[in-house]
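Fold and contact review
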Amino acid sequence: MGCRTGFYFLTRSLSDGYSINLIKEAFQFIADFWGVVPGASPKECGNCLDHNLAQAKEESKAFLKIIENWTKEDLKYPTAEEE
């Protein structure tokens, strides 16, 4: 998969709670990260000029507020009847 095709999080055999915690930990890592972004050089990435660590950190902080109280019920998409 390419870097612009989306985000996939496969959780086969992982509990809902564990999966939610992994998501929170990943976005907290991004929010707290300082340094060189791995794979963001022209040699490694054809879209390297699109990388913006400051913006990624702000987006991560905003998303962490959204998922702060997530439960397994928040992982389900509504059916057509529920919308």
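Check the entry above for the structure.
Now for a description of the structure that goes with this document. Computed from a predicted model, the values in this text were never measured in an experiment.

Some words on unusual backbone geometry
Look at S13: it is not a glycine, yet its phi comes out positive at around 75 degrees. Summarising the element assignment, S13 is placed in the segment before α1 (16-32).

Re the state of the cysteines
In this structure the tally under the stated criterion is zero disulfides. Sulfur of C48: no disulfide; nearest cysteine sulfur belongs to C45 and is 5.8 Å away. Judged by relative accessible area, which is 16%, C48 ranks as buried.

Comments concerning the pattern of salt bridges
Counting across every chain of the model gives two salt bridges. In this structure, the salt-bridge partner of K61 is E58, at a minimum N-O distance of 3.7 Å. In this pair, K61 and E58 are both assigned in helix α2 (residues 53-67), three residues apart and thus about one turn of the helix distant. Residue classification places K61 among the partly exposed positions, given a relative accessible area of 38%.

Side note on the environment of A26
Looking at where A26 falls in the secondary structure, it is placed in helix α1. Residue A26 is classed as partly exposed on the basis of its relative accessible area, which comes to 37%. Taking the C-alpha atoms as reference, A26 lies 9.8 Å from L64; in sequence the two are 38 residues apart.

As for the side chain of S60
Structurally, the position occupied by S60 is in helix α2. With a relative accessible area of 3%, S60 lands in the buried category. A distance of 2.9 Å separates the side chain of S60 from the backbone oxygen of A56, its partner in a polar contact. Beyond its immediate stretch of four places on either side in the chain, S60 contacts F27, I30 and A31.

Criteria and thresholds
- Residue numbers restart at each chain and count upward from 1, following the sequence in its written direction.
- Totals for whole chains, interfaces and linings use all residues, but because this is a predicted model, local features are given only for residues with pLDDT of at least 70 and pairs of side-chain atoms are given and counted only at 80 or more.
- Computation of side-chain values covers all heavy atoms of the structure but excludes hydrogens and water.
- What counts as a helix is a DSSP run of H or I of at least four residues, what counts as a strand is a run of E of at least two, and both are numbered from the N terminus.
- Cysteine sulfur atoms are paired as a disulfide whenever they fall within 2.5 Å.
- Only protein chains enter the accessibility calculation, which uses a 1.4 Å probe; a residue whose area is less than 20% of its type maximum is buried, one above 50% is exposed, and one in between is partly exposed.
- A pair is scored as a salt bridge if a Lys or Arg side-chain nitrogen falls within 4 Å of a carboxyl oxygen belonging to Asp or Glu.
- Polar contacts here mean pairs of N or O atoms no more than 3.5 Å apart (in protein, one a potential hydrogen donor and the other a potential acceptor; neighbouring residues in sequence count only if both atoms are side-chain atoms).
- Contacts: residue pairs with any heavy atoms within 4.5 Å of one another.

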